[in-house]
Amino acid sequence: MTQIILDGIPLPEVSNGKYAAWEELLSVQVEMISARMVTEIRGKVWKATWSYDYLDNDMTSRILAVLRSGKPFVASVLPDNGGKMISSIFLVESLTRPTFLCSDNGAPIWHGLAFTIREVNPHD
């Protein structure tokens, strides 16, 4: 089952808690002059996390090219309500760099790539 597509690249399916996508409330707490606290709700954003243990060099390079570009990108994520995939514009919120695991016939195998992405613009 496809869980996440980054800029047209379907990522390998993961299990055991290595993928999640949820809708999060985007809000700011503000302290007023009267010392009262108020919460300003700005909307909701989609967030997703994904991690993988063993990736070949080609797939690792393609994923990192998108994540390290510093630019917004189109992604589709499978939300936690199990419905259809949600497509939007996302940015990288965090990135755990992969480490070299081993060599397979002279080609590197990478370990431990993980990231969190967040929708750029809030939605209702």
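Everything that follows concerns the structure shown earlier in this document.
What you see is a predicted model; the values in this text were computed from it and never measured. (Residues numbered from 1 in each chain as written. Predicted model: local features only at pLDDT ≥ 70, side-chain atom pairs only at ≥ 80, totals over all residues. Heavy atoms only, no water.)

Participant: Before we go on, may I ask you to explain the overall build of the protein in this structure?
Facilitator: Within the protein one finds 1 helix and 8 strands. The order of helices and strands in the protein, counted from the N terminus, is β-β-β-β-α-β-β-β-β. Each of the three principal axes of the protein carries a C-alpha extent, and together these read 70 × 30 × 30 Å. Looking at the 124 residues of the protein, the share that counts as buried comes to 31%. By sequence separation, contacts in the protein at least 24 residues apart represent 61% of the contacts at least 6 residues apart. Computed over 11 positive and 14 negative side-chain charges, the inter-centroid distance for the protein is 5 Å. (Helix = DSSP H or I, 4+ residues; strand = E, 2+ residues; numbered from the N terminus. Buried < 20%, exposed > 50% of the residue type's maximum accessible area, 1.4 Å probe, protein only. Contact = heavy atoms within 4.5 Å. Lys, Arg positive; Asp, Glu negative; His and termini not counted. Charge placed at Lys NZ, Arg CZ, Asp CG, Glu CD.)

Participant: Please explain the pattern of salt bridges as it appears in this structure.
Facilitator: Any two side chains of opposite charge can pair, on the condition that their charged atoms come close. Counting across every chain of the model gives 4 salt bridges. As a salt-bridge pair, Lys18 and Asp53 come within 2.5 Å of each other at their nearest N and O atoms. Residue Lys18 is located in the loop between strand E2 (9-10) and strand E3 (19-31), and its partner Asp53 is located in strand E4 (residues 37-56); the two are separated by 35 residues in the primary sequence. Judged by relative accessible area, Lys18 falls into the partly exposed class, the value being 23%. With a relative accessible area of 29%, Asp53 lands in the partly exposed category. Within this structure, Glu24, Lys47 and Glu93 form a network of salt bridges that share partners. (Salt bridge = Lys/Arg side-chain N within 4 Å of Asp/Glu carboxyl O.)

Participant: Is there a simple way to think about helix H1 (residues 57-67) in this case?
Facilitator: In an α-helix, one full turn covers 3.6 residues, which means residues spaced three or four apart are oriented alike. For H1, the set of buried residues is Met59, Thr60, Ile63, Leu64, Val66 and Leu67. End-on, the buried residues of H1 take up no more than an arc of 155 degrees, which puts them together on one face. Put simply, Asp56 is the residue that caps the front of H1, since its side-chain oxygen is 3.2 Å from the backbone nitrogen of Asp58. (Arc of directions from axis to C-beta. Polar contact = N/O pair within 3.5 Å; in protein donor to acceptor, adjacent residues only side chain to side chain.)

Participant: Before we go on, may I ask you to explain the nonpolar core in this structure?
Facilitator: The tendency in soluble globular proteins is for nonpolar side chains to be buried side by side. Ile4, Leu6, Leu11, Trp50, Ile63, Phe115 and Ile117 are the most contacted members of the largest nonpolar core, which totals 24 residues. Of all the elements in the fold, those that place two or more residues in this core are strand E1 (4-6), E3, E4, H1, strand E5 (73-77) and strand E8 (107-119). Considering each element in turn, this core owes the most residues, 5 residues, to H1. Contacts of Leu6, omitting those with residues within four sequence positions, involve Leu11, Ile63, Val66, Leu67, Phe73, Val74, Ala75, Phe115 and Ile117. (Core = buried A, V, L, I, M, F, W, Y, C linked by side-chain atoms within 4.5 Å.)

Participant: Where do I start with the environment of Thr60 in this structure?
Facilitator: You can see Thr60 is positioned in helix H1. As for Thr60 and Gly82, which are separated by 22 residues in sequence, their C-alpha atoms are 27 Å apart. Aside from chain neighbours lying at most four places away, what touches Thr60 is Leu55, Pro98 and Trp110. A polar side-chain atom of Thr60 sits 2.9 Å from the main-chain carbonyl oxygen of Asp56.

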